[in-house]
Each structure stands twice: as C-alpha cells, then as structure tokens.
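Results of the structural survey
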Amino acid sequence: MEIPKKSPSTLFKFIITGFLALTIVLISCQDKNDYAKVPAQELSPQDSISHGEYLVNTIGCHGCHSPKRMTERGPEIIPELALSGYQSGDSLPSFSSEAIKNGWLQMSGDLTVAIGPWGISYASNLTSSDTGLGNWSMQRFKIAIRETQRRFRWQDDLTTYAVAELQ
C-alpha cells in the first residue's frame, strides 16, 4: 500500500494556518497590565459583605459547603443550612474501599463529605457564626484558603480564583 503524498499547496496551507494560530496565541498573551500597581481599596463593612456574597455565588462555594437534599430535579441546597458545611451529628455513609483504590471519589448523601484516595474531607462551616468564620480575621481566612489549595488539588479551579480575589 502506498501512502498518498500531500500536495505542496496543502502543506503550505498547513504551515500558514499553524503560523497564524501561533501568532494569535502569542499576541493574546501580551497582557501589558501591571496588576501589582493596582492599589488595594478599603471596603466599608457593607461593601465587604456584598463583595463576599458576590464571591460565594460566583465561585460556587455552595457546591461543597451547603448541605443538599435530593429532589426530582436533582440536588437542591437546604436554605436554612446554606454554607454550614458537614453537620457534625450526621453519620458517614458506607463506602467501598475497593472503589477508592481504583480512583473513584465518593460523596455523602448531602454532598458535604468527599471520600477518596487522600482520605475523608469534610466541608467546613463558612457561615458568620462562631462555629464558622465569625471570629476569623481576614489574614486567617487567606491562609486557610491558600492551605486548602495546597492540600486538595482537585479543588484548584475554585480555590485559585478565591485566592486571587483575596490578594
């Protein structure tokens, strides 16, 4: 069987297309803004709360930190438990150690506990109560976000955004 040869015009089109794609990528990566020079702005308490609410809704904190109930339309946040994390009185569901050895992730029924090869992760209480973040300083919060990012790489997309917003 003979391999058909490409015509010079096809090869030329391929080279030109590749060159144009590379040029577009390189031009789009030329971000000239120096974000280090952007001054930090002090927010009023109400503005800080509004910004926090915006981040929680944009980043998707409810996905892990709000207990859910299963409905005919899928999981639904339990409003009175929003952002309260794993409920300490709840028991863990049974799980298959064989499935975990094979790389599967298992979740609790309310989706606030993840069980995987690293062990068991419990969603923290993010509410403003004393059992949540109520008595945390901004510095402590930033450190917690950064440490969480280092320990749980599968959360990278969300925590990376949260860290960027807090810097």
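This section reports on the structure supplied with the text. (Residues numbered from 1 in each chain as written. Predicted model: local features only at pLDDT ≥ 70, side-chain atom pairs only at ≥ 80, totals over all residues. Heavy atoms only, no water.)

**Remarks on a nonpolar patch on the surface**
Together, Leu92, Phe95, Ile120 and Tyr122 give the surface a local cluster of nonpolar side chains, amounting to about 340 Å² of exposed area. Structurally, Tyr122 can be placed in strand β5 (residues 119-122). (Patch = residues over 30% accessible without salt bridge, like charges linked within 9 Å, V, L, I, M, F, W, Y side chains within 5 Å. Areas by Shrake-Rupley, 256 points an atom, 1.4 Å probe, with all protein chains shown as cover. Salt bridge = Lys/Arg side-chain N within 4 Å of Asp/Glu carboxyl O. Helix = DSSP H or I, 4+ residues; strand = E, 2+ residues; numbered from the N terminus.)

**Examining the pairing of β5**
Strand direction decides the pairing type here: strand β4 (residues 113-116) and β5, joined by four bridges, are antiparallel. The partner of Val113 across the bridge, within β5, is Tyr122. Between the antiparallel neighbours β4 and β5 lie two residues. (Pairing = 2+ DSSP bridges.)

**Some thoughts on the sheet that holds β4**
Pairing within the open sheet is antiparallel, and its three strands lie in the order β3-β4-β5. The sheet is open, and its two edges are formed by β3 (106-107) and β5, each paired on a single side.

**A short note on helix α2 (residues 45-59)**
Compared with an ideal rise of 1.5 Å per residue, which puts 15 residues at 21 Å, α2 spans 21 Å between its outermost C-alpha atoms and is within 8% of the ideal. Backbone geometry just downstream of α2 places Gly60 in the positive-phi region, at approximately 95°. (Expected span 1.5 Å × (residues − 1).)

**Some remarks on the environment of Ser96**
Of note, Ser96 is situated in the loop between β2 (74-77) and α4 (97-101). Judged by relative accessible area, which is 31%, Ser96 ranks as partly exposed. Expressed as a C-alpha distance, the spacing of Ser96 and Ile115, which sit 19 residues apart in the sequence, is 9.7 Å. (Buried < 20%, exposed > 50% of the residue type's maximum accessible area, 1.4 Å probe, protein only.)

From the geometry alone we can't say anything about function, so treat these as descriptive.
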